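Structural overview
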Amino acid sequence: MKRVRCPRCDHYIKFDDTLYKEGQSLMFKCDSCSKQFSIRIGSSKLKQTLNKSEESEELKEDKFGSIMVIENAFGYKQTWALKKGDNLIGRYNKGDNITIPIETSDLSMDRRHCIITVQKEPNGKLTWLLRDFPSFKGTFLHNRLLADKEKAIITDGAVITLGATTIIFSTPS
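As the structure is a prediction and not an experimental result, all values here were calculated from the model.

Here is what the cut-offs are and how they apply
Each residue is numbered by its place in its chain's sequence as written, counting from 1. Under the rules for a predicted model, residues below a pLDDT of 70 receive no local features and side-chain atom pairs below 80 are neither given nor counted, while totals for whole chains, interfaces and linings still include all residues. With hydrogens and water set aside, each side-chain value is computed from the structure's full complement of heavy atoms. The helix and strand labels rest on DSSP assignments: H or I over at least four residues marks a helix, E over at least two residues marks a strand, and numbering proceeds from the N terminus. Relative accessible area decides the class of each residue, using a 1.4 Å probe on protein chains only: under 20% of the type maximum gives buried, over 50% gives exposed, and in between gives partly exposed. Between two residues, a contact is recorded if the distance between any of their heavy atoms is within 4.5 Å. Areas reported here follow the Shrake-Rupley algorithm with a probe of radius 1.4 Å; residue values treat only the protein chains shown as occluding. Paired rings are identified among Phe, Tyr and Trp, the last through its six-membered ring, by centres lying within 6.5 Å, and are further divided according to the angle between planes into stacked (under 30 degrees), edge-to-face (over 60) and tilted (the rest). Both a distance and an angle decide whether a charge sits over a ring: NZ of Lys or CZ of Arg must be within 6 Å of the ring centre and within 35 degrees of the ring normal.

Here we come to the overall build of the protein chain. The secondary structure content of the protein chain amounts to two helices and 15 strands. Within the protein chain, the proportion of its 173 residues that are buried is 35%. Within the protein chain, residue pairs in contact and separated by at least 24 positions form 39% of the contacts whose partners lie at least 6 positions apart. Total accessible area on the protein chain stands at roughly 10900 Å², and carbon and sulfur atoms take up 50% of it.

Written as structure tokens, this is what we have:
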């Protein structure tokens, strides 16, 4: 089962993607706001607009590491690739401009909760720093609350807790 979000009201519509072939267009009508919209199975406008060199560099999943959300109210696994520089993590809210918008109904996670900074050292080695944005509930690394303005180095398998949501950090393979 897949789900698609209404572009007007953010309501989710579920559908069985195994019934359709790649490249096929589907029309939806939102039950909440009656907005009609279409999607194309298996294709992305972003991928079509990037040239080959940009596509291989930018869409590589584990170039700078990733995070996986393992606990949330929806029950959906979410995996996000990190980019070089600051990765602002928070609860999804339509219109917010954050790097990693986690879809959750966990109100204890702030809209702007924490930042993971990916840095490349002069020797070519990558380092990852975690810091609180600051948030109201705090950011926990391995069940330890980060102090204000504290930066912690994170490694593969680090468990980060934002409110009631748990995230596992992975380095590039």
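So much for the structure itself; the text now carries on.
As for its placement among the helices and strands, Ser170 is situated in strand E15 (residues 165-170). Judged by its relative accessible area of 27%, Ser170 is partly exposed. C-alpha separation for the pair Ser170 and Thr155, spaced 15 residues apart in sequence, amounts to 7.5 Å. Apart from the residues lying within four places of it in its own chain, the contact partners of Ser170 are Gly65, Ser66 and Asp156.

All right, on to the packing of aromatic side chains then. A full pass over the atoms with the stated rule returns four aromatic pairs. Ring centres of Phe28 and Phe37 lie 5.7 Å apart, and the angle between their planes is 25°; this geometry places the pair in the stacked category. What makes Phe28 buried here is its relative accessible area of 11%. Above the plane of the ring of Tyr92 lies Arg5, whose end atom (NZ or CZ) is 4.0 Å from the centre.

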